[in-house]
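Fold and geometry: a report
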Amino acid sequence: MSQPVIDPSRYDFLLQQKQQLITEQFAAFSVPKIEVFASPKTAYRMRVEFRVWHDGDDINYVMFTRGSNSEHSNVTSCPMVSKIIQQHMFVLLDLIKSSSMLKQRLFQIDFLSTSSGELLISLLYHKMIGDEWRTAAEQLSRELSEFSSGGQIVELIGRARKVKIVLGREHVIEKMDIQGSAIYYQQVENSFTQPNADICQDMLHWALDVTKNLGGDLVELYCGNGNFSLPLARNFGKVIATEISKSSVHSAQYNIEVNQIDNVKILRMSSEEFSQALQGVREFRRLKQNNIDLAEYQFSTVLVDPPRSGIDAKTIKQIANYDNIVYISCNPATLQLNLIELGETHKISRFAIFDQFPYTDHLEIGVFLQRKV
């Protein structure tokens, strides 16, 4: 990855620029006043990947110049990552340097952290790892634990081709305060999670606000680990959410159980498959296995949080059947295209930008659409 230039003195100006660009890009849609949610100016990123560069016996974190696979610079500080990552990342590197077993053929280090004080570190290798590596890694884990502050949890994983060695857990547990209630999320190594915890909370609060008093049931597509499904369950009678990633579905099931939520069901289905089920085009055993009769649901609202490619044409037609649409987008260009079609049946009632990725051109957008009368 390339490292953005972190200059807190320029943050407000850069965010205003993003807002102006979005205002101009969506001017044709009669967008209401844009709600703007700013990120913390530093220590905002909960997960990060660093390439490791070998220079003789020395190793360093490096980031590559944007657009280049060879030009790079050493990382000597990284103010964008969470405080727990900042606290451990260079200590970790120094400890690895003293162990030939841990250092040899190491090419990448991934960090996954939480705002509640947990850190998962993955060491990636271009060599086979086994018992000798485990012994060295266990010593490394003990040394990191001695360094960590009270209450912090630090876990280690080693990965090589077709090999994965887990010391402890392969996930962290994030705790978020959502409108006065604690929500716990299992976040698994090497699976998608929201990178900016503060902005994630803003998005959840916003989604709760726009869906309050809607009634009926909620269907969610691309639900991940249940990030939106779990808190939004309080606004609806029942929730069905779909996700194609097996690891994300497992995490969502865990999160439902640990949060003791009894009106949410998660299905491992693509958005296209679920649309076919709703239309009665096909029958799916997964529905019967989960004791789901879609005829018993009264869906009033759909939430979609698609990948950067946006929503396919068939799914767009399906979500247009609902009175209320909550669209969370990580790509303004595909959102713009999707809104052209959705605009035939729905009007935009709320529009928000969430600065998920400060100091870059990227951001998240939330749009709340309601059926035209």
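Owing to the predicted nature of the structure, the values given are computational and were not obtained by experimental measurement. (Residues numbered from 1 in each chain as written. Predicted model: local features only at pLDDT ≥ 70, side-chain atom pairs only at ≥ 80, totals over all residues. Heavy atoms only, no water.)

**Focus: the overall build of the protein chain**
Each helix and strand in the protein chain was counted, giving 11 helices and 17 strands. Here the protein chain has a C-alpha radius of gyration of 22 Å; the compact-globule value for 373 residues is 21 Å, and the two agree. By its C-alpha atoms, the protein chain is 70 × 50 × 40 Å across when sized along the principal axes. Out of the 373 residues in the protein chain, the part that is buried amounts to 53%. For the protein chain, contacts bridging at least 24 residues in sequence account for 66% of all contacts bridging at least 6. Of the roughly 17500 Å² that the protein chain leaves accessible, carbon and sulfur atoms contribute 47%. With 38 positive and 43 negative side-chain charges, the protein chain shows a spacing of 3 Å between the two charge centroids. (Helix = DSSP H or I, 4+ residues; strand = E, 2+ residues; numbered from the N terminus. Rg over C-alpha atoms; globule rule 2.2 N^0.38 Å. Buried < 20%, exposed > 50% of the residue type's maximum accessible area, 1.4 Å probe, protein only. Contact = heavy atoms within 4.5 Å. Areas by Shrake-Rupley, 256 points an atom, 1.4 Å probe, with all protein chains shown as cover. Lys, Arg positive; Asp, Glu negative; His and termini not counted. Charge placed at Lys NZ, Arg CZ, Asp CG, Glu CD.)

**Here we look at the packing of aromatic side chains**
In total, this model carries 14 aromatic pairs according to the counting rule given. With a centroid separation of 5.7 Å and an interplanar angle of 65°, the aromatic rings of Tyr11 and Tyr359 are classed as edge-to-face. Of this pair, Tyr11 sits in helix α1 (residues 11–25) while Tyr359 sits in the loop between β16 (346–354) and β17 (364–371), and the two are 348 residues apart along the sequence. Its relative accessible area of 1% is what places Tyr11 among the buried residues. Judged by its relative accessible area of 11%, Tyr359 falls in the buried class. Seen from their ring centres, Trp53 and Phe64 are 6.3 Å apart, and the 70° between their planes marks the pair as edge-to-face. (Phe/Tyr/Trp six-rings, centres within 6.5 Å; stacked < 30°, edge-to-face > 60°.)

**Structural notes on the sheet that holds strand β8 (residues 163–167)**
Pairing is mixed across the open sheet formed by 7 strands, whose spatial order is β4-β3-β2-β5-β6-β7-β8. Of all strands in the sheet, those bounded by a partner on one side alone are β4 (72–74) and β8. With strand direction ignored, the average angle separating the axes of adjacent strands in the sheet is 30°. Summarising the sheet, strand β7 (residues 153–160) and β8 pair through 5 bridges and their orientation is antiparallel. Residue pairing in the sheet places Arg159 in a bridge with Lys164 of β8. (Pairing = 2+ DSSP bridges. Axes fitted to C-alpha atoms, helices over the stretch in contact; angles between N-to-C directions.)

**Digging into the packing of helix α2 (residues 83–97) against helix α4 (residues 131–147)**
Where α2 meets α4, the closest approach of the two axes is 11 Å, and the angle between their N-to-C directions is 140°. Seen from above, α2 lies across α4 with right-handed handedness. Residues Gln87, His88, Val91, Leu92, Leu95 and Ile96 of α2 pack against Leu140, Glu143, Leu144 and Phe147 of α4. When the residues that make up the contact of α2 with α4 are grouped by side-chain class, the tally is 7 nonpolar, 2 polar and 1 charged. (Left-handed = near helix turned anticlockwise from the far one by under 90°. Nonpolar A, V, L, I, M, F, W, Y, C, P; charged D, E, K, R; others polar.)

**A few points about the environment of Thr23**
Its place among the elements puts Thr23 in helix α1. Residue class for Thr23 comes out partly exposed when judged on its relative accessible area of 36%. Taking the C-alpha atoms as reference, Thr23 lies 9.3 Å from Lys33; in sequence the two are 10 residues apart. Within the local environment of Thr23, its side chain forms a polar contact with the backbone oxygen of Gln19, the two atoms lying 2.8 Å apart. (Polar contact = N/O pair within 3.5 Å; in protein donor to acceptor, adjacent residues only side chain to side chain.)

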